[in-house]
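# Notes for the structure review
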Amino acid sequence: MASFPTHARAVIIGGGIVGCSTAYHLAKLGWKEVVLLERNKLTSGSTWHAAGLVGQLRTSANITQLLKNSVELYRKLEAETGLSTGWKMNGGLRLACNPERLTEIKRQATTAHSFGLAMEVLTPSEAQKLWPPMRVDDVVGAAFLPTDGQANPADITQALAKGARAGGVTIIEDCRVTAITTKQGRVTGVVTAQGAITADVVVNCAGQWAREVGKLCGVNVALQSVQHQYLVTEPIDGVPRNLPTLRDPDRLIYGKEEVGGLVVGGYEPNPIAWALKGIPEGFHFSLLDSDWDHFEPMMGRLLGRIPALETAGIKQLINGPESFTPDGNFILGEAPELKNFYVGAGFNAFGIASGGGAGKALAEWVAAGESPMDLWPVDIRRFGSVHQDPQWVLTRTLEAYAHHYSMAWPHEELESARPVRVSPLYERLKAQGACFGSKLGWERPNWFAPDGVEPKDIYSYERQNWFDHVGAEHQAVRERVGVFDQTSFAKFMMIGRDAELAMSWICANDVAKAPGRLIYTQMLNRQGGIECDVTVTRLTEESYYIITGTGFATHDFSWIERAIPQGLDARLIDVTSAFAVLSVMGPRSRDTLSAASGADSSNAAFPFGSWQTVMIAGTPVRALRVTYVGELGWELHFPVECAGAVYDAVMAAGQPHGIVNTGYRAIESLRLEKGYRAWGSDIGPDHTPLEAGLGWAVKLKQNTPFLGREALAKQALGPLKKRLAGFSVENPAIVLLGRETIFRDGKQVGWLTSAGWGYTVSRNIGYGYVRNPEGVPTDWLKSGRYELEVAAERVPAQIHLDALYDPSMSRIKA
Ligand SMILES: Cc1cc2nc3c(=O)[nH]c(=O)nc-3n(C[C@H](O)[C@H](O)[C@H](O)COP(=O)(O)OP(=O)(O)OC[C@H]3O[C@@H](n4cnc5c(N)ncnc54)[C@H](O)[C@@H]3O)c2cc1C
């Protein structure tokens, strides 16, 4: 072997498919001095024993794109490297055995169309022709994705490694990373038994070992090893070589052809975690003992679908551990705890399907220092404090695993490992019928069940059981006043002599305002994409109070902290747990606040966009005049220990005005009517404020530099290629959920990013970007005839460039 390297531009830890793909793509990006370290041999972790199904469709457009990138790569890899990969594009078939599942797969077909995949809905007999060995007497429909396929995981990985080597990557096997060095919050290298390597960047692609590897440098990788089994048969008569992959979620099973026989497995509802005390030494090219007892119910379901299994010769029941995560999505990106330390792990048994695209995205992320596209569903910054607890991760991960093939109901909430983070009002609200959802470990009231109604979601693809109750909350906010417990908001303080300088650089809107003002602003990346969407409150000359969504706590903190220009006296502090928040919203909110506080909250004394300290129940309350629901209102922020007293006082003061408890589902329908954008769906790093219709919140006309300004200024010179628009569908029998395809004059132009029912306007409402390479001027947008594809059928829709509900800003601001 050549001498052991002492320095690398990037060290990749792990020689599975993800590490090799990342190395391959870094080499393609022209990176030199890339070293991949594998503690045993390439593929010896989870990769060698994967079943090799490669499906593409996910619920996010960009994650689907990432999987499409895998397929594109696998199609050409053999020709490029001369190594066979076993890639076969036989398509993927998904069955439905009941009407709800049929609706689900029809909606999936529409999602596929939105994301540029040709998925067809088939009859049972058409499906049977594609998969001759199966029985279809209980099948009510199917969907077929012709570009799905299968591959040989070890061969693909070796081909990627060969491609990486050809691009100059050094791959060293039998070389375990035992320590990771850091300095001042930045990674500086790795240590192995063979020696230390200094490195600018370190990438943790250590599969189910990634949690342990992360621990070496204080980075939390929230994953858990779980046993996963599949059966390999001898050749079976009537199994053609071009058999598509099969998923039969109602039976929790999957299958594919392999050398004339079948590989069949599934996702048990009672998964078994593995390596609770750590992965044993020497576990490479290793399997766990076949667990026939555990597989037996799965076998019963398999036999019901594929009768030939009854007599087929069994080669092996493979039991391999694989890393799973609490939300079923993998983990990608730069760790919030440590600069230049990246993670690509936790692949939930679709690491072969994702490996090509995930490695590409990770390499691009490393090379640019910024995510190549909005990868929020898999971003490592989606996790928070609960995810640092292995026990919490274990519990939630097992639930997510068991959910893999169960119906993915709209508005579904996972139930395990709850409650953890609760507002001080939790018990009070629970006693008043709150039905809670969970976000980043927080319990949040979704809706309130009236007396005699059980506060429990009953899921369906039709209107769900809470529909009318949320309607009543919605109406109360529009006509009287509602109170929302939003204590889970993430809250930060930016403090220091240069706080204004730092915030002015990071925020796209003008935040250099006098103390007492509050400003709605985006924070942009260098491409002008929206990284954060926040409310900024100027407290004093040297301090700002920043409020963002519950789920974005880690992401936004990390983004803002890293964007503070060097040398400035400005520090960011997380104060989430210090303050409870009650939002009091609706036309009677002024009466309520005045009565509760005794303060003058008239428009003259307390204008929109300002904040004041008012006293309620012996508590200094920071009252912010702001709204996310399109009505007059205030957010009240105050010390958590005073929450009960403040809440009781507000409810008593609001009682003559008809105040009610309201939840997050009412917020959603209220904000849809008013056209407020939601980060993570309507807006995000892929969209600029100009495209999102938020140009009014950007200080482009001022001569102040800010992050993302140049990209935005450039974009402002030419025609926009996409614009966020609202859509409505009158028919109440249609249910819009998001991801529905948008057609303009019969041509596909985009998909809905969010959607729901607007109770005041009595319509379905959706938002989505309309795309056109020639530009999207207002006249052109308005002149089109629009349809939405919903569950594989088109329905007429109306476009709206203004909010559907507009009590006129004068009412909100008066
Ligand atoms: C039974 C089973 C069936 C599956 N079927 C499918 C399927 O059909 N389709 C699909 O897409 N996916 C499937 N998967 C999932 C797939 O196998 C994994 O998602 C994928 O292999 C993960 O690749 P990886 O590179 O992240 O991890 P790994 O392949 O585990 O690679 C990680 C590597 O890191 C190395 N390493 C760990 N610690 C260190 C260290 N300190 N220093 C140096 N090296 C280190 C390990 O030795 C290992 O080789 C299946 C998994 C199982 C278990």
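In this report, the structure presented in the accompanying data block is examined. Keep in mind the model is a prediction, meaning the values are calculated, not measured.

A word on the sheet that holds strand β26 (residues 571-574). Strand order in the open sheet formed by five strands is β23-β24-β25-β22-β26, with antiparallel pairing between adjacent strands. Two strands in the sheet have a free side with no partner beyond their single neighbour: β23 (518-524) and β26. Averaged over all pairs of adjacent strands, the angle between strand axes in this sheet comes to 30°, irrespective of strand direction. Pairing between strand β22 (residues 490-495) and strand β25 (residues 543-548): six bridges, direction antiparallel. Opposite M493, over in β25, you have Y545 as the bridge partner.

Time to look at the pairing of strand β11 (residues 195-204). Bridge count between strand β1 (residues 7-13) and β11: six bridges; the pairing is parallel. Bridging from a neighbouring strand, I13 pairs with N204 of β11. Strand direction decides the pairing type here: strand β10 (residues 186-192) and β11, joined by four bridges, are antiparallel. Bridged to G189 within β11 is T198. Connecting β10 to the next strand, β11, in antiparallel fashion are two residues. By the bridge criterion, three bridges tie β11 to strand β18 (residues 341-345) in an arrangement that is parallel. Along β18, the bridge assignment pairs V202 with F341.

Pairing between the strands of a sheet comes from backbone hydrogen bonds, and it takes one of two forms, parallel or antiparallel. Spatially, the eight strands line up as an open sheet ordered β5-β6-β4-β13-β14-β15-β12-β16, and their pairing is mixed. Both edges of this open sheet fall to β5 (120-122) and β16 (314-324), since each of them pairs with a single strand only. Here the strands of the sheet are splayed against their neighbours by 20° on average, with no regard to which way each runs. Summarising the sheet, strand β4 (residues 92-96) and strand β13 (residues 245-248) pair through three bridges and their orientation is parallel. The residue bridging G92 from the neighbouring strand is T245, located in β13. In the packing of helix α9 (residues 390-402) onto the sheet, the strands contacted are β12 (224-233), β15 (261-266) and β16, and the crossing angle to β12 comes to about 30°.

With that settled, consider helix α5 (residues 153-166). Taking 1.5 Å of rise per residue, 14 residues should cover 20 Å, and α5 covers 20 Å from first to last C-alpha, within 8% of that figure. All buried positions along α5 are accounted for by P153, A154, I156, T157, A159, L160, A161, G163 and A164. Taken from the residues just after α5, G168 is the one with a positive phi, measuring 100°.

The rules behind the values
- Within each chain, residue numbers correspond to sequence positions counted from 1 in written order.
- Predicted model: local features are reported for residues with pLDDT of at least 70 only, side-chain atom pairs are reported and counted for 80 or more only, and whole-chain, interface and lining totals are derived from all residues.
- Note: side-chain values were computed over all heavy atoms of the structure, leaving out hydrogens and water.
- The rule for pairing is simple: two strands pair if DSSP sees at least two bridges between them.
- A run of H or I in DSSP becomes a helix once it reaches four residues, and a run of E becomes a strand once it reaches two; helices and strands are each numbered from the N terminus.
- Axes here refer to lines fitted to C-alpha atoms; in helices the fit is confined to the stretch in contact. Angles between the N-to-C directions go from 0 to 180 degrees.
- We call two residues in contact when some of their heavy atoms are within 4.5 Å.
- Residue count minus one, scaled by 1.5 Å, sets the expected span of a helix.
- Accessible area is worked out with a 1.4 Å probe on protein chains only. A residue is then buried under 20% of its type maximum, exposed over 50%, and partly exposed in between.

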